[in-house]
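Per-entry structural report
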Amino acid sequence: MNVPYVPKWELFAYICSSEYAAEELIDYATNLHSGRNVLLVIRYDKDIEDKIGSAYLNMMIRFHDHINKYNKRGMEMLMFLYSDHEIGRNAKAVKLDNNKFVLFSDSKNLFDRFTDVKKVKKLKRIKIVPGFESEYLIR
């Protein structure tokens, strides 16, 4: 019997603000090498809480099954959060408000390092759950 793949589910996500410009936040997140971990600065929208869990689950399954479209886990997640046209293979193409954005990571160390260096204010924690019934889950 094949055991189904279940990804690690210790995720950190907050609605945040920062005095740094949006481009600086994205640049720092993009250049912060994390190996297999994900660190994303994401545009806030009212459905983001539902989308993040499904995007993370989809990304982990695609990497596990070696059917990922992008080499970086963060870019694969962005593909599920936004259309390819919006990201254009470039995370900077997504418009971000530095007064209200989402910071997401599956590494507490990366998350804390980013918040310390970029003086991020955590406004509200987002509870991320796997979206098995979500309309955002690719089947």
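Structure report, in brief.

What counts and how
Each chain has its residues counted from 1, following the order in which its sequence is written. It should be noted that, the model being predicted, local features are given only for residues of pLDDT at least 70 and side-chain atom pairs only at 80 or more, the latter also being counted only at that level, while totals for whole chains, interfaces and linings use all residues. To get the side-chain values, take all heavy atoms of the structure and skip hydrogens and water. In this analysis, strands are considered paired if DSSP registers two or more bridges between them. Runs of H or I in DSSP of at least four residues are treated as helices and runs of E of at least two as strands, each being numbered from the N terminus. Geometry is summarised by axes, namely lines fitted to C-alpha atoms with helices restricted to the contacting stretch, and by angles between N-to-C directions that run from 0 to 180 degrees. Two residues qualify as a contact provided that any one of their heavy atoms is within 4.5 Å of a heavy atom in the partner residue. What makes a nonpolar core is a set of buried Ala, Val, Leu, Ile, Met, Phe, Trp, Tyr and Cys residues whose side-chain atoms join them at distances within 4.5 Å. Three labels apply to residues, based on accessible area from a 1.4 Å probe with only protein chains included: buried if under 20% of the type maximum, exposed if over 50%, partly exposed otherwise in between. Between N or O atoms, a polar contact is any pair within 3.5 Å; within protein, one atom must be a potential hydrogen donor and the other a potential acceptor, and residues adjacent in sequence are included only when both atoms are from side chains. Counted as salt bridges are all cases of a side-chain nitrogen of Lys or Arg within 4 Å of a carboxyl oxygen of Asp or Glu.

The next thing to look at is the sheet that holds strand β3 (residues 101-105). The 4 strands lie next to each other as β2-β3-β1-β4, forming an open sheet whose pairing is antiparallel. Two strands in the sheet have a free side with no partner beyond their single neighbour: β2 (39-43) and β4 (121-125). Averaged over all adjacent pairs, the angle separating strand axes in this sheet is 35°, with direction ignored. In the packing of helix α5 (residues 108-117) onto the sheet, the strands contacted are β1 (12-17), β2, β3 and β4, and the crossing angle to β3 comes to about 145°.

Grouped together as the largest cluster of nonpolar side chains are 25 residues, with contacts concentrated most on Ile 42, Ile 52, Met 77, Leu 81 and Phe 104. Breaking this core down by element, the ones donating at least two residues are β1, β2, α2 (48-64), α3 (73-81) and β3. Among the elements that line this core, the one with the most residues is α2, at 7 residues. Setting aside residues up to four positions removed in sequence, Met 77 forms contacts with Val 38, Leu 40, Ile 52, Ala 55, Tyr 56, Met 59 and Phe 104. Cys 16, Leu 39, Leu 110 and Phe 111 belong to the second largest nonpolar core, which has 17 residues in total.

Take the side chain of Glu 76 next. Structurally, Glu 76 can be placed in helix α3. Within the structure, Glu 76 has its side chain in polar contact with the side chain of Arg 62 (distance 2.7 Å). If near-sequence neighbours (up to four positions away) are discounted, Glu 76 is found in contact with Met 59, Arg 62, Phe 63, Asn 68, Lys 69 and Tyr 70.

Oppositely charged side chains are able to pair whenever their charged atoms sit close together. This structure, assessed with the given rule, holds 6 salt bridges. Between Asp 45 and Lys 51 there is a salt bridge, and its shortest N-O distance comes to 3.2 Å. The exposure classification of Asp 45 matches that of Lys 51, with both residues buried. Across the pair Glu 49 and Lys 124 runs a salt bridge whose closest N-O atoms are separated by 3.8 Å. In this pair, Glu 49 is assigned in helix α2 and Lys 124 in strand β4, connecting sequence segments 75 residues apart. For Glu 49, a relative accessible area of 31% corresponds to the partly exposed category. Lys 124 sits in the partly exposed class, given a relative accessible area of 45%.

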